[in-house]
Amino acid sequence: MAFQRLRKLLAVFALVLLLAACGGDPDPEDTPDTDLNLESDPSGELGGKLLAAADMPAGWQPIENAGTEEVSAQEGGFCDSPVPDESNATASATAQFFKGEMTTRVVETVVSYESPEDATEAFDKVQQAIATCKEWDVDAAGTVSRLKLSSASFPAVGEQTAAARVTSDFTVNSGSADKPAPTEGSVTGDTVIVRQQNFIVVVRHFSIGVGTEPAFNAADTEPIVRSAVQKVTA
């Protein structure tokens, strides 16, 4: 039961990060399935540009359809600023992967624009959000958490590169309704945004820990981001 709660909570944080790409709040009656590879790419333009299992380092697996998670509505983006802004986008697609007991995830989003100038404008807005957003609150499965954001260093892997570290501490009930057992938990993750030509690639790599430190290894992020950018430019 505790693992199910942990998995649900992680799915909610995945939803929060997915919404960072879309911006805005989902309708509670139309909450996206956080265990699916989601896409809004009717032309199939981006199908071959998303990461696949063969592109990931050893130990990572794609998230298959495991049924819809019942989650509450979430705030999207960094302090409600979408990452990236898709108002001028032509298509977007998202893939998800997990490692271990699904407590570590990668959420990749690829967004295409009409021109490099449109993509640059969207990238600049992300940079502004990273510079100005410090913290914001989300309601994750009934647990209100404050997410904190700070800029992070990352190698230049495209024409423009930006990165941010997102952390959060929270308390969950790992017991039952009649015998509550509050347990401390935390989330640690990096979001890397790369503009290459008329594409923006966003890689969100994060881990969640309840009663233990998140098994987050920032060194794992760079090879995944490099593979994602190579896939877009291939």
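Presented here is a report on the structure given in the accompanying data block. (Residues numbered from 1 in each chain as written. Predicted model: local features only at pLDDT ≥ 70, side-chain atom pairs only at ≥ 80, totals over all residues. Heavy atoms only, no water.)

**Thoughts on the pairing of strand β3 (residues 89-99)**
Of all 11 residues in β3, eight are buried, a share of seventy percent or more. In this sheet, β3 lies alongside strand β2 (residues 60-62) in antiparallel orientation, the contact comprising three bridges. Looking at the pairing, Gln 61 lines up with Phe 98 of β3. Count of turn residues in the β3/strand β4 (residues 104-113) antiparallel hairpin: four residues, of which Gly 100 carries a positive phi of about 75°. (Buried < 20%, exposed > 50% of the residue type's maximum accessible area, 1.4 Å probe, protein only. Helix = DSSP H or I, 4+ residues; strand = E, 2+ residues; numbered from the N terminus. Pairing = 2+ DSSP bridges.)

**Here's the deal with the pattern of salt bridges**
The full count for this structure, using the stated rule, is eight salt bridges. The partner of Glu 159 in a salt bridge is Arg 195, with the nearest N and O atoms 2.9 Å apart. Here Glu 159 is found in the loop between β6 (143-151) and β7 (160-173), whereas its partner Arg 195 is found in strand β8 (residues 182-196), with 36 residues between them in sequence. Its salt-bridge partner being Arg 165, residue Asp 190 comes within 2.3 Å of it at the nearest N-O pair. Taken together, the positions of Asp 190 in strand β8 and Arg 165 in strand β7 put the pair 25 residues apart, joining distant regions of the chain. Overall, the relative accessible area of 26% leaves Arg 165 in the partly exposed class. Look at the salt bridges and you will find they share partners, linking Glu 135, Asp 137 and Arg 146 into a network. (Salt bridge = Lys/Arg side-chain N within 4 Å of Asp/Glu carboxyl O.)

**As for the nonpolar core**
Judged by nonpolar contacts, the single largest core of 23 residues is most densely connected at Met 56, Phe 97, Val 106, Val 110, Val 203, Ile 224 and Val 225. For this core, the secondary-structure elements that each account for two or more residues are β3, β4, β8, β9 (199-210) and α3 (221-233). The leading source of residues in this core is α3, at five residues. Residues within four places of Val 106 in sequence aside, it is in contact with Met 56, Trp 60, Ala 95, Gln 96, Phe 97, Val 203, Arg 204, His 205 and Ile 224. Formed by 21 residues, the second largest nonpolar core is a distinct cluster that contains Tyr 113, Ala 129, Leu 147 and Ala 162. (Core = buried A, V, L, I, M, F, W, Y, C linked by side-chain atoms within 4.5 Å. Contact = heavy atoms within 4.5 Å.)

**A word on helix α2 (residues 116-132)**
Helix length check: α2, at 17 residues, gives a terminal C-alpha distance of 24 Å against a target of 24 Å (1.5 Å per residue), a fit within 8%. Listed in full, the buried residues belonging to α2 are Ala 119, Ala 122, Phe 123, Val 126, Ala 129 and Ile 130. Buried residues along α2 cover an arc of 110° about the axis, so they all sit on one side. Residues of α2 that are exposed and point more than 90 degrees away from the buried face comprise Glu 117, Gln 128, Ala 131 and Thr 132. (Expected span 1.5 Å × (residues − 1). Arc of directions from axis to C-beta.)

**Regarding the state of the cysteines**
In total, this model carries one disulfide according to the counting rule given. Note that Cys 79 is cross-linked by a disulfide to Cys 133, the S-S spacing being 2.0 Å. On the S-S bond that ties Cys 79 to Cys 133, the torsion sits near 75°, and the link is right-handed. With Cys 79 in the loop between β2 and β3 and Cys 133 in the loop between α2 and β5 (135-140), this pair connects stretches of sequence that are 54 residues apart. Residue class for Cys 79 comes out partly exposed when judged on its relative accessible area of 28%. Taking the relative accessible area as the measure of exposure, Cys 133 reaches 3% and is therefore buried. (Disulfide = S-S within 2.5 Å.)

**Let's talk about unusual backbone geometry**
Each neighbour pair has its own omega, and for Val 83 with Pro 84 the value is -5°, a cis peptide bond. One non-glycine residue with positive phi stands out, namely Gln 197, at about 55°. When you line up the elements, Gln 197 lands in the loop between β8 and β9.

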